[in-house]
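Listed below, chain by chain, are the residues.
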Amino acid sequence: MSHISIHPEKASDKDAAIGVCPFGAIERDATGALFVGGGCRMCRMCVRRMPEVFEFVEDAEAAPAVDKNEWRGIAVVAEISPDGALHPVALELLGKARELAAARGEPVLALAIGGRTEAAVQEMLERGADEVHVYEDPELSEFRIEPYAAALSDFIREKKPSAVLVGGTPTGRSLAPRVAARFRAGLTADCTTLGMSPSGDLDQIRPAYGGNIMAHINTPRHRPQFATVRYKVFPIPPRERPHGAVVRHKPPRDGLASAISILESRPKPAVKGIEDAEAIVVCGRGLRRPEDLPMLRELADALGARLAGTRAVVEAGWLPASCQIGLSGRTVKPKLIVTCGVSGAIQFVSGMNGSGTIVAVNTDKDAPIFSVAHIGIVGDIYEVVPALVAAVKAKKEAAK
Ligand SMILES: Cc1cc2nc3c(=O)[nH]c(=O)nc-3n(C[C@H](O)[C@H](O)[C@H](O)COP(=O)(O)OP(=O)(O)OC[C@H]3O[C@@H](n4cnc5c(N)ncnc54)[C@H](O)[C@@H]3O)c2cc1C
Ligand code: SF4
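Residues numbered from 1 in each chain as written. Chains lettered and ligands numbered in written order. Predicted model: local features only at pLDDT ≥ 70, side-chain atom pairs only at ≥ 80, totals over all residues. Heavy atoms only, no water.

A. Representation of the site of ligand 1 in the model. Taken together, 25 residues are adjacent to ligand 1, and R285, T310, I325, S328 and S343 come closest. Here a nitrogen atom of ligand 1 sits 3.2 Å away from a polar atom, N or O, in the main chain of T363. The backbone of I381 places a nitrogen or oxygen atom 2.9 Å from a nitrogen atom of ligand 1. Contact with the protein chains hides 75% of the accessible area of ligand 1, taken as 990 Å² for the molecule alone. Contributions of two or more residues to the shell around ligand 1 are made by α8 (311-315) and α9 (346-349). Residue classes in the shell around ligand 1 are distributed as 7 nonpolar, 14 polar and 4 charged. (Near = heavy atom within 4 Å. Polar contact = N/O pair within 3.5 Å; in protein donor to acceptor, adjacent residues only side chain to side chain. Areas by Shrake-Rupley, 256 points an atom, 1.4 Å probe, with all protein chains shown as cover. Helix = DSSP H or I, 4+ residues; strand = E, 2+ residues; numbered from the N terminus. Nonpolar A, V, L, I, M, F, W, Y, C, P; charged D, E, K, R; others polar.)

Here's what the structure looks like:
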């Protein structure tokens, strides 16, 4: 494993050396000698600040192992339910895959694993897949990790895609890391942006350290590069005339075995989450008490919108966790979002900044939410919201 090595003879001032680490990972042992403890996050700040004392030592095994030229194409793993329905996150990923693949002149590969894949295959061809690789078998009808991982691994061995994009759904979050570990490739979870560097490495961007920074993660020595992306982060590309090919694979026979038996499956009643709402009114801590929520509900009703909240109000128990927008909540992309008394912390904004029109109401003209809002109203929600409700109702009345 790569590690930080210390040259103690060069550390004339041990306290200064301890102080360079922002995570307190440089410690003294019983003899007073310096060592790097378990809190090291490999940020390499110590190496930058005291290069004579600290050295980043690369894992010998991590030396360039793959010939990148052997790995071509951006693959998207589709999630298909037993009735053949395709999870739309695959279409969103196809749009992004097309962009990334175009930058390298490589193909977009889609992977369909399931019991009934026909409709999903057609849909993916219409959204720009150059090749759709199909593993269809009754044994693959329901998601079970072992056969799905076997099919995905088989596909990777055969096609050698440069990158594999998987939806950040419960299924994708189970499948992607297991297969990434098999290929000793690593994985970047919940990317919010993906780009392509000239060298063909995927620029995997995601919030880190509580959303305070956007980390760019590159895996230049390994292939494939695995990334998961949550639903509603990228737009679905428009339909086009299909031009791609369908390649059918025989699921690996020994790979279909599973220790999991599915005794019964019951469809969950379809509850529309805030992710599916076309308009959302957001309650922030600017609301003084939960008894005032009906004021915001009235605005939501007038706009035909769903009511959602920041983590602050969800943690206060004013709204359920399923209504929380942000880094540790849901990502939303409605046509209209009206934030009421929301400061606009990065952890909140990262879950809604792809929305169509962002209206923000806040008493503080310097609140960060105004930097992402298309329409900013500096004012008290207790005055502005009732006025908005009256205006929307009057407009509706006039349109009758
Ligand atoms: C790891 C991590 C993950 C997180 N994940 C999330 C997440 O998923 N979602 C999330 O929302 N947060 C998240 N947070 C918390 C986030 O940092 C903020 O604390 C939170 O978003 C603040 O919520 P708020 O805007 O409602 O409250 P505040 O930041 O307290 O803002 C209240 C705003 O209301 C304004 N205001 C006050 N009174 C009025 C009034 N009468 N009229 C109009 N405006 C008024 C104020 O000027 C202020 O700007 C996370 C934090 C961490 C560390
Ligand atoms: S790499 Fe970063 S976390 Fe590790 S010892 Fe150096 S400064 Fe501390």
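Next, the rest of the story.
B. Here's a closer look at the packing of aromatic side chains. The final tally for this structure, using the stated rule, is 1 aromatic pair. Centre to centre, the rings of F143 and Y148 are 4.9 Å apart; their planes meet at 75 degrees, and the pair counts as edge-to-face. Judged by its relative accessible area of 29%, F143 falls in the partly exposed class. The ring centre of F234 lies 5.0 Å from the NZ or CZ of K96, which sits over that ring. Across from the ring centre of Y382, 4.1 Å away, lies the NZ or CZ of R288, which sits over that ring. (Phe/Tyr/Trp six-rings, centres within 6.5 Å; stacked < 30°, edge-to-face > 60°. Buried < 20%, exposed > 50% of the residue type's maximum accessible area, 1.4 Å probe, protein only. Lys NZ or Arg CZ within 6 Å of the ring centre and 35° of its normal.)

C. Structural detail: the pattern of salt bridges. For the coordinates displayed, the defined rule picks out 24 salt bridges. A salt bridge links E106 to R104, with the nearest nitrogen and oxygen atoms 3.7 Å apart. On the basis of relative accessible area, E106 is assigned to the buried category, the value being 13%. Here E298 and K393 are joined by a salt bridge, their closest N and O atoms 2.9 Å apart. (Salt bridge = Lys/Arg side-chain N within 4 Å of Asp/Glu carboxyl O.)

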